[in-house]
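Tertiary structure, described
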Amino acid sequence: MFISPEKGLGSVSSYLTRRILYAFPILIGVNFITFVLFFVVNSPDDMARVHLGNRYVTEDSISNWKSERGYDKPLFIALDSAGKKVFTETIFFDKTVRLFTFDFGQSDSGRDISYDISERMWPSLLISLPVLCLGLLFTLSFALLIAFFRGTYIDSSAVILCVSMMSISGLFYIIGGQYLLSKLLQIVPISGFDDGIASIKFLILPILIGVVGGLGHGTRWYRTIFLEEIHRDYVRTARAKGLSEKGVLYQHVLRNALIPIVTGVVALLPSLFLGSLITEAFFGIPGLGSYTIDAIQSQDFAIVRAMVFLGSVLYILGLILTDVAYTLVDPRIRL
Amino acid sequence: MELVILKTDALFFILIASLLAYIFYASKKEHLARPWRTVLKKPMAASALTILAFYLMVAILDSIHFHPEIEGSSSDTLVYSSQVVSLLDEVLKPINKNTETTYSAPFAIYSYAKESRESETGQIIRDYPRLMHAGSHLSDTSEVRSDLIMRSLGALGYWVFAMAILCLILISLRVVKLKSMVSDWQNLGTFFRPSPAQAAAITFAVVCLLISLIATVGPYYHILGTDKVGNDVLFQGVKGIRTGLLIGTLTTLIMLPFAIVLGVAAGYFRGWVDDAIQYLYTTLSSIPGVLLIAAAALMLEVFMTNNAGDFESVTARADLRFLCLCLILGVTAWTGLCRYLRAETLKLKESNYIEASRAFGVLSWSTISQHVLPNLMHIVMISIVLDFSGLVLAEAALTYIDIGVDPSMESWGNMINGARLELAREPVVWWSLFTAFLFMFILVLAANVFADSVRDAFDPRIRELD
Amino acid sequence: MIMRSFRSLLAACLALLCACSDSGWNNPYPSTDDSENIFYGSFSERPKHLDPVSSYSENEAVFTGQIYEPVLQYHFFDRPYRLEPLTSETVPEPIYYDQDGSDLGSDPLAEDVHEVVYRIKIKPGILFQPHPCFTLDEKGNYLYHKLSTQEIESKTKLSDFSSTGTRELIAADYVYQIKRLMHPKLHSPIAGFMTKYIKDLGQFGNRLREASVESSRTLDLRAHEFLGAKIVDKYTYEIRLSKKYPQFKYWLAMSFFAPVPWEADAFFNQPGMKEHNLSLDWYPVGTGPYMLTENNPNRRMVLEKNPNYRGELFPGTDESDKESLMPYIDRAYYSLEKESIPGWTKFLQGYYDASGVVSDSFDQTIQFNTRGEASLTEEMKDKGINLVTAVRSSISYMGFNMVDPVVGGTSEQSLLLRRAISIAIDYEELISIFANGRGTAAQGPIPPGIFGYVEGENGINPYVYKWTGSQAKRQKLEVAKDLLFRAGYENGVNINTGEPLTLYFDTVSSGPGSKVMLNWYRKQFNKLGIDLVVRATDYNRFQEKVRKGTVQIFSWGWNADYPDPENFFFLLYGPNAKIVSQGENAVNYQNKEFDDLFVRMRSMANGSERQEVINRMLEIVRRDAPWVWGFHPTSYTLSHSWYGNAVPNLMARNTLKYKTIEVSRRSQKRNEWNRPIIWPLLAITSLIIFAFIPAWYVYIARERARLGE
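Note that this is a predicted model, so its numbers are computed, not measured.

**Re the overall build of chain C**
If you tally the helices and strands in chain C, you get 22 helices and 28 strands. Dimensions of chain C, computed from C-alpha atoms along their principal axes, come out at roughly 110 × 85 × 55 Å. For chain C, the residues scored as buried account for 57% of the 709 residues in total. Long-range contacts, defined as pairs at least 24 residues apart, comprise 71% of the intrachain contacts of chain C with a sequence gap of at least 6. Roughly 28900 Å² of accessible area belongs to chain C as shown, and the carbon and sulfur atoms make up 53% of that amount. Side chains of chain C carry 79 positive and 85 negative charges; the gap between the two charge centres is 4 Å.

This is the structure:
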């Protein structure tokens, strides 16, 4: 079926506007759930106590703390107010409206959240982006190789290898890698970070471990997808036409497997920015990995809110990109 | 004994019952039975199934819980302990009860850590004390090796005996013919290319040999060492089977219906259905799973504090927390599969045969069940298997931030996470991590191999080729 | 393709590593810093507050201690801990006045005292660190105090303000900080506590709150009258207390009572500053030997020598020795190290100058000699590493909630139950397993090194221990079982009802260690046949339960604020009970006799009379056993041979100024210890490449066969 270029473009732009409009209810929903989850577990009093420390705290300072940060209002509905104020004089309204202008404001401990995020985003990206690219390169290559040798002993032993690599805990990769390369061979620093070009020597090890750790899972996943494509009719036709196996794999199988690959990769978009908790903790990378979980543990709701919001924005962006990518990969799909 | 049925036990037994019902149902229907027979035709799959069956057996044994009687009580009426133990605990009692003070290496008879104690001369010395329950029957410490060999030989003897009896029973029941058995094993070639039945038999025999070794050596040595507070690591590994199996199956059970129904509906019907479903899963998956799980764990905590009376025992509390974890993991996990299924359905819908069947006015429901669903089976199978191992591993990651399985519950995740500090020791304490890896690896590998065959058997295109 | 990319990656790595090979490849610091006089340390938790009014935890004191100078400090070497002047001329003596305002002498009865005055005279000529808040323009006005929002808009760091200034320290700065304790927006953790002692403090707080409600402008604390602290002259001020509180002098050595210049508040309170992360909480301003020049708690914190620092004599040296003026180290880098393994490895490689002992590498590091004394293993000695140990002034205990119907109360049954449990929980084993012997089992609330602690036979808790001639020995389990039987439980089963006894243990679960720890506790209770249900929860929930008194058994700890028994006994003082007054008595222990003795003991000077009272108090709490006394942890600190003056001082926070570094020795050792080994890498790479050769051949062969078909 043929789509004229103009029609295609038009549908893309109308699709995009539609999706961006859809983003609003999603973000409000996300924010609502975050509020419910957070406040079911922690009352504003709890939050105040955590922030004020635990020795010699009085009720007075707690109520002070709450009113300063606007946590003394009702959560969703202000029953004692009139008219519109029933909804606007609440914590939920107060905090949600500001998020949509990307004004994250200050954390409950008094830091500018946008500044902190922009500072900590880059170290995370410096690790996650190379890990993604190199990981994709290696897993796809290995998976193609295994797909080529499908049904042989190479295939089955590779599967066993993949499964055993999957079963090894990520912690072990990190600790083992640090032990081997930093302690025994003393080739790279075990942990730390620096600005600019000097950061490379700190990044080698986490990137290497990230790639190796994801190899088992990735290879196995892509192998299945490739095998799936190989069994399709068009591949047999292509092969019957005398196309070399390499040609089949590269031109047909890889191309057609792109949809699941793209879906998988785009789903990683938020985690690229938000970093990895364990890796960053072990390598002393000042990234965003621990930002959310630290905030949850120290009950800094302003940060939790901002990070969840940012995560969902990225996620929605990823979804839109996926759908756009679908049409590029497979023009039969209409938006 | 006073039987206790925990919530996860009940769910697990329901799961098994439905599995049995499905097997019974499938055996009556030819179109379902045929692919399953194809699955079992593969020796690897047969062998994997045998291993899975063993894991399942252990999990079942570990899911029958009861209050044991208190011994040595002076009162006349029977008194039950408030502790909950499982049948597996009773079976493994000789291994479980042998706790030491702290770490010891596999087969060691000395503790791993030095301890200060007073010597006869009244001086305080710090050295490696003898273990209380490993090789304590030996007076001469150099006899360990010979003792181990003797016990292993004993185990071998028991095994040969048991296998022989089993063969005799099978032959006398005419399940197996002696003549064909002999002729099958005559040439070496068949050993490397066994039939499915033979593969299963070999696997069965190997597992039995291991069990017999554990039964004879286990009570006298710590086969896989002990952990920080001196509990047997092998015991923990075996106990972890139930946790691992349940977290994989229960979570999948919870998420599958959501993922399939919603994913297919979104991809097939498009329009507002698609929008609504996308809204649902986008919203849910945008929220960091950590927040969701942490919140659920804390809510549960509050719930249990308010209803403290209902959760008297450690096990009941741990069990509810475990169930809650499965639920939450299920809620967070279905979105991923749902997205894949939606994407695949989108693609399938554009394919010629569905276009055709729609053109012929076939009802959506039957199009879906006849053309869409079978073509999605492989994605579902693969996700289940990958998620299964992923879930077992995710549990360890959650434990890292204290929101995983209850600390009082034995799980591989807890073991792996504890190993974080053990790996920094000199010499390294590797056995906890190794045990967790071993048990998990076997389970994940068996599940993978089995699922591969299932996929091959159910994939319509491949089936046509055969 | 794979091979090529792998090879190029490796080549890139090697090229990069060779580029920085003048120091070790694994050196986490720029090689140019090798010859600098820098101290390298680590921190595992980000400091939350650096404002002296709200900073309380120890990890914050690592920084604030070097920056802020209270009037007093602990003597670096003297034990028991002794206060000495830091910025003041002398250690102030309290002057006691009665109702009529007449002097009552040095040690009057607490009831007679109506007002206590501490008159403090500070040394002249002390300067604040360079800071933009002091900068004056040509006309003598503050350059950065009236900035427009546009001007602030471009500033995100303190270093964006180009010029700095300084000012002499005066008494008013100390008074200003005491006023800040009550600032309604600063939430000092000790504000509520101090209102009980400092005169007019509570009312002053109310006045400030009213003032802040009335006007939207930021408060200027200087304009508000306060009776509790008064400026006498430029260098002298007075603090007035409403009751006798001899321990107050210890507070004067804490950063809560350090000076803060009003200029700092005026500077940081300008609108827009807070929104740009510019606050006193982030950029401290002090008179101390160091100043914070980089504050990035996700990566590292950098302290640099304060150029305006007056220089302090090293303890024991005299005026003539001008060479030995402190501080010695130019800069201090503290890196964030969340996990223990990388931090420990870096210490062994020489990249950190000092470290604690990681529990899991303990046997590698420490050995015990025949007398049970800790010393380093040969491996550590060869590296020249030094070990210093000190019993910390803290206690880790297990508390019984005294309002709980089962374990609490004063009935004979519950008392015996508590004592039985006290014996059954083998803290010696806990110390051995979980702390590698780094601790002393406690005989009562007071740790060694604090006045009131008694060594030897007279100091043991006779309800749990027996004296065996040379040491205290825990009573046998049979004794505990017998006590339990007398309490009405036979092997953990209630004799009357036949119900098995189940107890609940509330705890904060944290980290991978907690599981084994909880199993260990359960094991201890199981020895008595008691089933222990662990209710692990997060810290908030736990605190809430303690606050409401719904816990049954829990474990907690206390770290001394100051070296005085009062700081430990007040954890058991009735009116401090959690459910009564939200105080620090978490077990809600109430005993009239004990409370009376506490009130007496609190205001007594150290001496045999005080010891007598303490002994009586100890006897009461040991008998009642509201706590299982737990243990006092010992701190083990390791340091490298180039790190000088590594004396343990657990009270003083400002110890960095005493430390020295022998830089040349450090570089030499670092080079010696860190030599990269590359051949295994090359071997693995070639192995991978060779592994692909057969695969390539198979591919070629297959293609040929297929084309041949």
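**Describing the overall build of chain A**
What chain A contains, in helices and strands, is 16 helices and zero strands. A buried classification covers 57% of the 335 residues belonging to chain A. Of the accessible surface of chain A, which amounts to about 13600 Å², a share of 68% is contributed by carbon and sulfur atoms.

**Side note on the environment of B:F258**
Residues and elements named next belong to chain B. Considering the arrangement of structural elements, one finds F258 in helix α10 (residues 233-269). Accessibility expressed as a relative area gives 44% for F258, which makes it partly exposed. Filtering out sequence-adjacent residues up to four positions away, F258 remains in contact with G263 and W334.

**Section: the nonpolar core**
Membership of the largest hydrophobic core comes to 124 residues, with the highest contact counts inside it found for C:Y237, C:F248, C:W251 and C:F257. Of all the elements, helix α20 (residues 608-624) of chain C adds the most residues to this core, at six residues. If sequence neighbours within four positions are ignored, C:Y237 has contacts with C:V71, C:Y118, C:R119, C:I120, C:I122, C:A171, C:Y174, C:V175, C:I178, C:K230, C:I231 and C:V232. Among the nonpolar cores identified, the runner-up in size contains 104 residues, and A:L185, A:I187, A:V188 and B:M304 belong to it.

**A closer look at the interface of chain B and chain A**
With 51 residues of chain B at the contact, the number on the chain A side is 60 residues. At the junction of chain B with chain A, the criterion picks out one salt bridge. For A:E229, the salt bridge identified is with B:K347, shortest N-O distance 4.0 Å. In this assembly, chain B and chain A are joined by two residue pairs in polar contact (both at pLDDT 80 or more). Of the residues that constitute the side of chain B that touches chain A, the class distribution is 28 nonpolar, nine polar and 14 charged.

**A few points about the packing of aromatic side chains**
Across all of its chains, the model carries 56 aromatic pairs over all chains by this definition. Taking 5.6 Å as the distance between ring centres and 70° as the angle between the ring planes, the aromatic pair formed by C:W558 and C:F570 counts as edge-to-face. Of this pair, C:W558 sits in strand β25 (residues 553-559) while C:F570 sits in the loop between α17 (566-569) and α18 (578-581), placing them twelve residues apart in sequence. C:F570 sits in the buried class, given a relative accessible area of 5%. In textbook terms, an aromatic cluster arises when at least three aromatic residues are bridged by ring pairs, as seen for C:Y56, C:F193, C:Y197, C:Y245, C:Y250, C:W251, C:F256 and C:Y562. For A:R111, the ring lying beneath its charged end belongs to C:W282, and the centroid distance is 3.4 Å.

**Some remarks on the interface of chain C and chain A**
Contact with chain C, which involves 70 residues of that partner, is made by 64 residues of chain A. Buried surface at the junction of chain C and chain A, summed over both partners, amounts to about 6100 Å²; 54% is from carbon and sulfur atoms. For the interface between chain C and chain A, the tally reads two salt bridges. For A:D194, the salt bridge is made with C:R299, and the minimal N-O distance between the two is 3.4 Å. The greatest single-element share of the side of chain C that touches chain A, amounting to nine residues, is contributed by helix α22 (residues 679-708) of chain C. Residue composition of the side of chain C that touches chain A, by class: 33 nonpolar, 16 polar and 21 charged.

**Topic: the pattern of salt bridges**
Residue and element names in this part refer to chain C. Under the counting rule described, the total for this entry stands at 42 salt bridges over all chains. Between D78 and R82 there is a salt bridge, with the nearest N and O atoms lying 2.9 Å from each other. With a relative accessible area of 28%, D78 lands in the partly exposed category. In this structure, the salt-bridge partner of D353 is R666, at a minimum N-O distance of 2.9 Å. On the criterion of sequence distance, the pair formed by D353 in the loop between α9 (340-348) and β13 (354-356) and R666 in helix α21 (residues 663-673) is long-range, its members being 313 residues apart. What emerges from the salt-bridge pattern is a single network uniting E115, R119, K199, E238 and R240.

**What about the sheet that holds strand β2 (residues 65-67) of chain B?**
Residue and element names in this part refer to chain B. A sheet is described by the order of its strands in space; here three strands give the open sequence β1-β2-β3, paired in antiparallel fashion. Among the strands making up the open sheet, the edge pair consists of β1 (2-4) and β3 (85-86). Examined bridge by bridge, β1 and β2 share three bridges and lie antiparallel to one another. Paired with E2 across the strands is H67, a residue of β2.

**Some remarks on the pairing of strand β26 (residues 627-639) of chain C**
All names here are of chain C. The buried fraction of β26 is high, at twelve of 13 residues. As judged from the six bridges shared by strand β16 (residues 386-391) and β26, these two strands associate in the antiparallel manner. Within β26, the position partnered with V388 by the bridge is T637. With three bridges connecting them, strand β17 (residues 394-400) and β26 associate as antiparallel partners. Each bridged residue has a counterpart across the sheet, and for M398 the counterpart in β26 is V628. Where strand β18 (residues 439-441) lies against β26, three bridges are found, and the strand directions are antiparallel.

**Observations regarding helix α9 (residues 196-217) of chain B**
Between its first and last C-alpha atoms α9(B) spans 31 Å; for 22 residues at 1.5 Å apiece the expected length is 32 Å, and the two agree. Considered for burial, the residues of α9(B) that qualify are B:Q198, B:A199, B:T203, B:A205, B:V207, B:C208, B:S212, B:T216 and B:V217.

Definitions and limits used
- Residues numbered from 1 in each chain as written.
- Chains lettered and ligands numbered in written order.
- Predicted model: local features only at pLDDT ≥ 70, side-chain atom pairs only at ≥ 80, totals over all residues.
- Heavy atoms only, no water.
- Helix = DSSP H or I, 4+ residues; strand = E, 2+ residues; numbered from the N terminus.
- Buried < 20%, exposed > 50% of the residue type's maximum accessible area, 1.4 Å probe, protein only.
- Contact = heavy atoms within 4.5 Å.
- Areas by Shrake-Rupley, 256 points an atom, 1.4 Å probe, with all protein chains shown as cover.
- Lys, Arg positive; Asp, Glu negative; His and termini not counted.
- Charge placed at Lys NZ, Arg CZ, Asp CG, Glu CD.
- Core = buried A, V, L, I, M, F, W, Y, C linked by side-chain atoms within 4.5 Å.
- Salt bridge = Lys/Arg side-chain N within 4 Å of Asp/Glu carboxyl O.
- Polar contact = N/O pair within 3.5 Å; in protein donor to acceptor, adjacent residues only side chain to side chain.
- Nonpolar A, V, L, I, M, F, W, Y, C, P; charged D, E, K, R; others polar.
- Phe/Tyr/Trp six-rings, centres within 6.5 Å; stacked < 30°, edge-to-face > 60°.
- Lys NZ or Arg CZ within 6 Å of the ring centre and 35° of its normal.
- Buried area = accessible area lost by both parts, 1.4 Å probe.
- Pairing = 2+ DSSP bridges.
- Expected span 1.5 Å × (residues − 1).

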